[in-house]
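Results of the structural survey
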Amino acid sequence: MHKITLLLMFLISTSMGAQVIYQPFDSEKLGERRELKIQLPRNYNPEDKSQYPLIIVLDGDYLFEPFAGNADYHAYWGEMPNAVVVGVNQRNSREKDLFYDKEIYFPAHEGASFFEFIGMELIPYIESKYNVSKFRIVAGHDLSANFINYYLFKENPIFRAFILLSPDLAPEMTVRVQERLSTIKTDTFYYVATAENDIDGLKERIIAHNAQMGTFDNPKVHYRFDNFNDADHYSLVGLGIPKALNEIFSLYKPINKQEYTDLVLTYPEGPYKYLEKKYADIKFFYGFEKKVVENDIRAVAAAAMKKDDRDALRELSRLARKEFPDSMISAYYTGMYYENENNLKRALHNYQSGLLLKASDFIDKDMLLDKIYTIKDKN
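Residues numbered from 1 in each chain as written. Predicted model: local features only at pLDDT ≥ 70, side-chain atom pairs only at ≥ 80, totals over all residues. Heavy atoms only, no water.

This next bit is on the overall build of the protein. A tally of regular secondary structure across the protein gives 15 helices and 8 strands. In terms of principal-axis extent, the alpha carbons of the protein reach across some 85 × 45 × 45 Å. Among the 379 residues that make up the protein, the fraction classed as buried is 53%. Taking the average location of the 47 positive side-chain charges in the protein and that of its 55 negative ones, the two points are 7 Å from each other. (Helix = DSSP H or I, 4+ residues; strand = E, 2+ residues; numbered from the N terminus. Buried < 20%, exposed > 50% of the residue type's maximum accessible area, 1.4 Å probe, protein only. Lys, Arg positive; Asp, Glu negative; His and termini not counted. Charge placed at Lys NZ, Arg CZ, Asp CG, Glu CD.)

Put into structure tokens, the structure is as follows:
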């Protein structure tokens, strides 16, 4: 528990670099004011046309900070895109917000109003104020984790990813979710977590829920279940959030060793075509473009050299010049291409021109000088 507390404190502190706004929201659906917490990405610029995923967090009075900290931390390291995180405080309204009819087990009365508040007021408001994409995530804990399931049952769900942390599942919810996920036609992430020391009644139903999720096969559903050892109903939150975000944004993550070995090196059309496919898939899957990162250029360059794929090196050099014209990246990979072509004069020219450009995370002046001296020694 002590380690989990320290981790949460660290993650919350990372969000200090992001912009956090606390503001009231007067809801016509609810007939009252609600308090929102909104975290914008670091260096958020409303004039920038970039769009960011939207994460809606119920129980925002205690669940917002760990989500905001994790989102900021993962985005800082490029493990997920920058995101807009919105927490809805429910400290004094939780029971009525999450109310469902005890006969039909769907939201009723204040619960139905809260359901409409999220989809018909809150999301349109956030979209009107901030640059958010249509890729939306919703998250909740116990009662609110159960409640977010109801958004699955709309003909066109407004969320693409659902994070259920120790859900207090309503009767018939498991059967309904299984039936819905078996037929859903949009790529949907569905994450569920419990723990060894979770509340007994909840844990039993969650484990049964997980067993039912294994009875259908729909390639559009990306399902992940965790049952954490040595954690309870509250500490599992600190473990489940990064697991869920990691699962949701697995495609977005930079190329790692396993992806390099299993996919980049073995792609039939070559490493550069794999890079094109990866970024096209990201755009298709998440609905927004990702700028090519230096890590992925390095991986593709290494694969191209290993496979002696000159076409890949040529295309990579063009990409580097286009995406990083003011960085040593452009000079380095263009020089690499010409060096591989044994055109040492043009390689030397590019390496030398790079000395006047900005260093990157992986390429600095010393690396360029090493290349320059190596070529001069050959002459």
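Right, picking up where we left off after that structure.
Another point: the sheet that holds strand β5 (residues 132-141). The strand order across the open sheet built from 8 strands is β1-β2-β4-β3-β5-β6-β7-β8, with neighbouring strands paired in mixed fashion. Bordering the open sheet on either side are β1 (19-27) and β8 (221-232), each of which pairs with just one other strand. The sheet shows a mean angle of 20 degrees between the axes of neighbouring strands, taken without regard to direction. With 4 bridges joining them, strand β2 (residues 32-40) and strand β4 (residues 84-88) adopt antiparallel strand pairing. From the neighbouring strand, isoleucine 38 faces β4, where its bridge partner is valine 86. Contacting β3 (52-57), β5, β6 (161-165), β7 (188-197) and β8, helix α8 (residues 236-248) runs over the sheet at an angle of about 155 degrees to β8. (Pairing = 2+ DSSP bridges. Axes fitted to C-alpha atoms, helices over the stretch in contact; angles between N-to-C directions. Contact = heavy atoms within 4.5 Å.)

With that out of the way, let us pick up the pairing of β4. Along β4, 5 of the 5 residues are buried, which leaves the element largely enclosed by surrounding structure. Here β4 shows two buried faces, one formed by Val84, Val86 and Val88 and the other by Val85 and Gly87. This β-α-β element, β3 to helix α2 (residues 60-76) to β4, shows right-handed connectivity. (Right-handed = clockwise from strand over helix to strand, strands pointing away.)

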